[in-house]
Amino acid sequence: MAQNSATTDHLWDVSFSDSNNGTAVGEGGTIVRTTDGGSDWVGEASGTFNILYDVSFADANTGTVVGDIGTILRRTGSGPSPTPTPTATPSATPRVTPRPRPTPRPRPTPPS
């Protein structure tokens, strides 16, 4: 049965934790959720515009979303929306680690 997803963005994945609660993700950071088995879908803020490719929910309020450029969103509890997983902040100036110089081989001594 066709359902209205409440978005015109392409959706890439959907996960239902039970017969009523589902989450779908897609282009432009789109997240839509249903609590009535898919009859009605409501958009949810993701905090990103990256494509979201995969979603998995263990229960109605605990799940993970992954997407483009290493995007990982995690939802725990009944909070309003997923939160980005913290990532390491790159340093302002990348540093090059110098390679150690090889130890030269000893030269043979000419016979006397």
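As a reminder, the structure under discussion sits directly above these lines.
Residues numbered from 1 in each chain as written. Predicted model: local features only at pLDDT ≥ 70, side-chain atom pairs only at ≥ 80, totals over all residues. Heavy atoms only, no water.

Moving on to the side chain of Ser46. Looking at the secondary structure, you find Ser46 in the loop between strand S4 (42-44) and strand S5 (52-59). Judged by relative accessible area, which is 7%, Ser46 ranks as buried. Looking at Ser46, its side chain comes within polar contact range of the main-chain oxygen of Thr48, at 3.0 Å. (Helix = DSSP H or I, 4+ residues; strand = E, 2+ residues; numbered from the N terminus. Buried < 20%, exposed > 50% of the residue type's maximum accessible area, 1.4 Å probe, protein only. Polar contact = N/O pair within 3.5 Å; in protein donor to acceptor, adjacent residues only side chain to side chain.)

For the structure shown, the criterion picks out two salt bridges. For Glu44, the salt bridge is made with Arg33, and the minimal N-O distance between the two is 3.5 Å. With Glu44 in strand S4 and Arg33 in strand S3 (residues 31-34), this residue pair connects regions lying eleven residues apart in the sequence. Grouping residues by exposure puts Glu44 and Arg33 together as buried. (Salt bridge = Lys/Arg side-chain N within 4 Å of Asp/Glu carboxyl O.)

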